[in-house]
Amino acid sequence: MASFLDARHQAGLWRLRIDDLDTPRNVPGATDAILRLLDALGLHWDGAVLYQSQRLDRYRAALDDLMRRGLLYRCACSRKTLADLPSTRYPGFCRTRDVPPHLPHALRVCVPQRDDGFDDALQGRFDYVIAERDGDFIVDRRDGVIAYQLAAAVDDGAGDISEVLRGIDLIDSTPKQRYLQQCLGLTSPRYGHLPVLVNAQGQKLSKQTFAAPVTAHDPSAVLWRALQLLRQSPPAALRGAPTQEVLAWAIAHWQLAALRGKTTLPAPSVATSLVSNARKTV
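**Q** Can you break down the overall build of the protein chain residue by residue, with the values?
**A** A tally of helices and strands in the protein chain yields nine helices and twelve strands. Since a compact globule built from 282 residues should have a radius of gyration of about 19 Å, the 20 Å found for the protein chain is in line with a globular shape. Residues classed as buried in the protein chain amount to 48% of the 282 residues present. By sequence separation, contacts in the protein chain at least 24 residues apart represent 74% of the contacts at least 6 residues apart. Summed over all atoms, the accessible surface of the protein chain reaches about 14400 Å², with 52% contributed by carbon and sulfur. Positive and negative charge centroids in the protein chain, built from 35 and 30 side chains respectively, lie 3 Å apart.

**Q** Describe in detail unusual backbone geometry, supporting the description with residues and values.
**A** A positive phi is found at Arg231, a non-glycine position, where the angle reads about 60°. In this structure, Arg231 sits in the loop between helix H8 (219-229) and helix H9 (243-253). Arg231 sits in the partly exposed class, given a relative accessible area of 39%. One non-glycine residue with positive phi stands out, namely Ser233, at about 50°. Along the chain, Ser233 turns up in the loop between H8 and H9.

**Q** Let's hear about the nonpolar core: which residues, and what values?
**A** Grouped together as the largest cluster of nonpolar side chains are 38 residues, with contacts concentrated most on Met1, Leu5 and Leu43. Contributions of two or more residues to this core are made by helix H1 (2-9), strand E1 (15-18), helix H2 (30-40), H8 and H9. With six residues, H8 is the largest single contributor of residues to this core. Ranked by size, the runner-up nonpolar core spans 35 residues in total, among them Leu21, Val109, Ala131 and Tyr179.

**Q** Tell me what's going on with the sheet that holds strand E4 (residues 106-109), and back it up with residues and numbers.
**A** If you walk across this open sheet you meet the three strands as E3-E4-E7, and the pairing is antiparallel. One side of each edge strand has no neighbouring strand; the edge strands of this open sheet are strand E3 (72-75) and strand E7 (138-140). Ignoring strand direction, the axes of neighbouring strands in this sheet form an average angle of 45°. Relative to E7, E4 runs antiparallel, the two sharing two bridges. Considered in E7, the bridge of Arg108 is made with Ile138.

**Q** Before we move on, could you go through the environment of Leu21 and cite the residues and values that matter?
**A** Among the structural elements, Leu21 can be located in the loop between E1 and H2. Counting along the chain gives 32 residues from Leu21 to Ser53, while the straight-line C-alpha distance between them is 5.0 Å. Residues within four places of Leu21 in sequence aside, it is in contact with Gln52, Ser53, Leu56, Tyr59, Val145, Ile146 and Ala151.

Parameters at a glance
- Residues numbered from 1 in each chain as written.
- Predicted model: local features only at pLDDT ≥ 70, side-chain atom pairs only at ≥ 80, totals over all residues.
- Heavy atoms only, no water.
- Helix = DSSP H or I, 4+ residues; strand = E, 2+ residues; numbered from the N terminus.
- Rg over C-alpha atoms; globule rule 2.2 N^0.38 Å.
- Buried < 20%, exposed > 50% of the residue type's maximum accessible area, 1.4 Å probe, protein only.
- Contact = heavy atoms within 4.5 Å.
- Areas by Shrake-Rupley, 256 points an atom, 1.4 Å probe, with all protein chains shown as cover.
- Lys, Arg positive; Asp, Glu negative; His and termini not counted.
- Charge placed at Lys NZ, Arg CZ, Asp CG, Glu CD.
- Core = buried A, V, L, I, M, F, W, Y, C linked by side-chain atoms within 4.5 Å.
- Pairing = 2+ DSSP bridges.
- Axes fitted to C-alpha atoms, helices over the stretch in contact; angles between N-to-C directions.

This is how it looks when you write it as structure tokens:
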């Protein structure tokens, strides 16, 4: 909802993308449920829905480009080998090895030692060094699934996306995606990372923490409550108003700055997750 309001407040377009690359984990019917809920809430997207599972050719072309320029290498490290490491940073075991292409392997991108920080629209300066935090990261998984970092970098950097507004739980991904965009000669949009709703234990509301999903039973009430959680101070008189009236007020009065510097927001008394599995980009 925040990304929708931010786009509409600026008279911009709101694009919807379904990140469904990990096909073995996709739940049948989940995508349709997301689209139906957004439609019921009046959060109507512009243009066709983009499905990453239908864009594999463009991701493979990006991998081929990186490989031709010597920026990728094959990595045959097993999960057990990596699980036994003292940190999640990959130490470059395979960077100088010549792993035969017929062996099971992932593809990693070579990461130089440099400052990969960026200026976030909500969080301010975010300092990050990929080489120290992650090392050479995977862009094509061992099981043949294109890694999220590469697919998101290619899609967001295609030139028609000016802003990406998403949860702060993804902020560590942004330096990696920006690095890939630079390697591929793509345009990096402006990124902003929103606070997430957390429960009393400080855990993000999600399926993993048994938060109930949003339903379309009373869309106006959902929108009004979401505006409260987003610190937009909707007037009491708006409670129960038609959906389009609530959204019209919200678009006209949208204040992204109300969320600036916040990383978490307290959850409502009845745990209701306001996060869908669809990543939305402006």
